[in-house]
Structures are given as C-alpha cells and as structure tokens.
Amino acid sequence: MADLFIDLRSDTVTRPTAGMREAMATAEVGDDVYGEDPTVNALEAEVAALFGHEAALFCPSGSMANQIALQLVVPPGAELLCDADAHVITYEMGAAAAYGGITSRTWPAVGAEIAPDVVAGMVRPDGYWTVPTRAIAVEQTHNRGGGGVIPLDTLRALREVADAAQAALHCDGARIWHAHVADGVPLAGYGALFDTLSVCLSKGLGAPVGSLVVGSAERIDRARAIRKRMGGGLRQAGILAAAGRYALAHHVDRLAEDHAKAARLAEAIAPFGVLAGVARTNLVPLDLTKASLDAPSLAAAARADGVLISVLGPRTARLVTHLDVTDDAVDQAATVLARVLRR
C-alpha cells in the first residue's frame, strides 16, 4: 500500500497555496450577518461584475448556493426542469423538494449535448391542473457528463425556450471557469443568458470553501434571508472570502494547465477502451462496461499503487486534475492506470 497518494478524485481536494494562506491571514474582516465584512462585500461585488449582474451572495457551499438560487426562481409547488444527471438533483440530497417545495422533471442524461427542442417540448404551462414549469437549470461544465462544455449556441437556444415559457434559466456554474477557459466565452457572456447562477471557488480554483449566488439586486436581497433560514449566516467570513479573491486573481487562467494534464491522462488510457468521452476540461470520464475490472476494483487497485480515483457507479469512474497535481504526478498516475487496466 502506498504511503503518498496522487489524488485524482476531485478538484475539491486542493490545499490553499502559500499566497492564498497569506491573503487569508491578513484579510480585513467584519460581521457579514450585519453586512459589515469588507472582504466579503468586495468578493460579492467582484463576482457580480464578472458575470454582468447586479449582485452576488457568498455561501458556504455550492449545494447551498444552488438551492438558494432555485428557491429564488421556483415557488413551492412549481416545477424545475433539468437533466437526469444534474448535480442539483443527483448530489444535493433532495434539497429542492425538502427546502423549497420544488417538484422536478428531467430530460435524459446527455451531459453537455442538450437538445433545446426536447426541453421546449417538456415545458408545462399554467392551467389544466398541471404543475407549471417555472425554471430550467443547466450545469456548466457538466460533472457527470465528463466535464463537457455546453456550447454557447445551445445556451442561447435554451434562453429562448425559457423566455417563451416565461420561465427562469439557472446555471449551476460550479466549474463555469473551466468552460470560460476552454471555449473562450467571456464570463459576462455567460452571465447575460441566465437569471441566476451559482459559481464555486473550491472546485478548480483552489479555495478551501465557498460559492456565490449571482443575480439581480432584488433576488440577492431575498437570497440573504433564505441563506439565513438555511443556517448559512456567516460572521467574520472575510478570511474565507480572501481565499476566493486570491483564487480569482491567480487561478483562473492556469485552469488551461489542468485541461492539458487531463488530456494527457486521457491519451495514456485511451488504448484500453475505457474513455467515456473527450476530456475537454479537467475531468476524464471512464466507462468500464467492457473492461475486466469494475469501478470499485479499478479504484482499489489504483489506490494500492498510490493513485486515488472517484467511483461514480458500478462501471463508471472519473479522474480529475487540479492545481495540486504536478506534471510528474500525471505521468506517474498514467503509468499506474495503464498497468492496472492492462491486467
């Protein structure tokens, strides 16, 4: 059993860099529940401006940010449309129903390859004793879709679908920074298409914690009350916000390095027929349906040789590159995974 691990389970496992720790240690702070933490206020203003919106709200987690956003655009008893593998219904413990009284309906899991006409055909209007569709949610990049990037033209078409239905369009933008770097779409270009967004600072950007809800000033004012109701009121949160501000200043452009590392991993394991799609960003999806090892067995064998990977299902696994994975670590992991898959 290896003593030191190359951790490819997620880009949430990173440690703050020395510069980030310094920024946290010297952050100016206040009580954010009173709206008096200057570093939190600066982070919220900065992120809102990046996406071309009026305001933003700092939250402890991406799940909380998503669920606050959904409650802003879907009233209790109304409907959210999203895909069957969406994070908001797959990994958030039924929070949309439990906290927001929101019902959901899904289109088939296709990752980033969304067909807007299929979504349009699912919209339910008011009347006829049906549950009306009040919002559509998409995920950029798509986690269970292998880090796929939803094309800008698709998002524009979904905006038209939402407008025609008088529904809101929400973006779970946990890794929207990766989409921005991969496709070169300005963050404000994405922001212009959505009524609400959630954006994460601890996936890829290397901050230890934190996400933000982005939207209009009126919605963010309501979001503060929802955050407090959900137990998300923070005090001297500037220590955490400083990490986020440092990440935005230093860790966005370098995401291209993670994308290149993921592509190298994908190239190394491609001959074994387990790639589930093109590694466009920092996620490498594995489909082990035809492999001799299932996902838990692959993970166990890789762990024994010092590499940690994420198991998403019996025959589904994932590799994720991030700022704590060096070029040498990528080469070592590729060697280990090739050896294990060759057995």
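Preceding block: the structure.
Residues numbered from 1 in each chain as written. Predicted model: local features only at pLDDT ≥ 70, side-chain atom pairs only at ≥ 80, totals over all residues. Heavy atoms only, no water.

### Some words on the sheet that holds strand E9 (residues 283–287)
Argument step 1. Read across the open sheet, the 3 strands follow the order E9-E12-E11; overall the sheet is antiparallel. What marks the edges here is a single partner per strand, and that holds for E9 and strand E11 (310–313). The average undirected angle you get between the axes of adjacent strands in this sheet is 25°.
Argument step 2. Relative to E9, helix H12 (residues 255–269) is tilted by about 25°, and along the sheet it contacts E9 and strand E12 (316–320). (Pairing = 2+ DSSP bridges. Helix = DSSP H or I, 4+ residues; strand = E, 2+ residues; numbered from the N terminus. Axes fitted to C-alpha atoms, helices over the stretch in contact; angles between N-to-C directions. Contact = heavy atoms within 4.5 Å.)

### Here we look at the pattern of salt bridges
Argument step 1. If you walk through the whole model with that rule in mind, you get 20 salt bridges.
Argument step 2. Residues Arg-159 and Asp-195 are paired through a salt bridge, measuring 3.0 Å at the closest nitrogen-oxygen approach. One end of the pair, Arg-159, is in helix H7 (residues 152–165); the other, Asp-195, is in the loop between helix H9 (187–191) and strand E7 (196–200), and 36 residues separate them in sequence.
Argument step 3. Residue Arg-264 pairs with Asp-331 through a salt bridge whose shortest N-O separation is 2.4 Å. Residue Arg-264 is found in helix H12, and its partner Asp-331 is found in helix H14 (residues 327–342); the two are separated by 67 residues along the sequence. (Salt bridge = Lys/Arg side-chain N within 4 Å of Asp/Glu carboxyl O.)

### What about helix H13 (residues 295–304)?
Argument step 1. Of the residues making up H13, those classed as buried are Ala-295, Leu-298, Ala-299, Ala-301 and Ala-302. Down the axis, H13 shows its buried residues gathered within 165° of arc, on one side only.
Argument step 2. Those residues of H13 that are buried lie in contact with E9, strand E10 (307–308), E11, E12 and H14.
Argument step 3. Two residues or fewer after H13 comes Gly-306, characterised by a positive phi angle close to 95°. (Buried < 20%, exposed > 50% of the residue type's maximum accessible area, 1.4 Å probe, protein only. Arc of directions from axis to C-beta.)

### Points about helix H3 (residues 62–73)
Argument step 1. In a regular helix each residue adds 1.5 Å, so 12 residues correspond to 16 Å; H3 covers 17 Å between its end C-alpha atoms and thus fits that length.
Argument step 2. Among the 12 residues of H3, 10 are classified as buried, and the element is accordingly described as predominantly covered.
Argument step 3. Within H3 the residues assigned to the buried category are Met-64, Ala-65, Asn-66, Gln-67, Ile-68, Ala-69, Leu-70, Gln-71, Leu-72 and Val-73.
Argument step 4. For H3, the capping residue at the N-terminal end is Ser-61, with a side-chain oxygen 3.1 Å from the backbone nitrogen of Met-64. (Expected span 1.5 Å × (residues − 1). Polar contact = N/O pair within 3.5 Å; in protein donor to acceptor, adjacent residues only side chain to side chain.)

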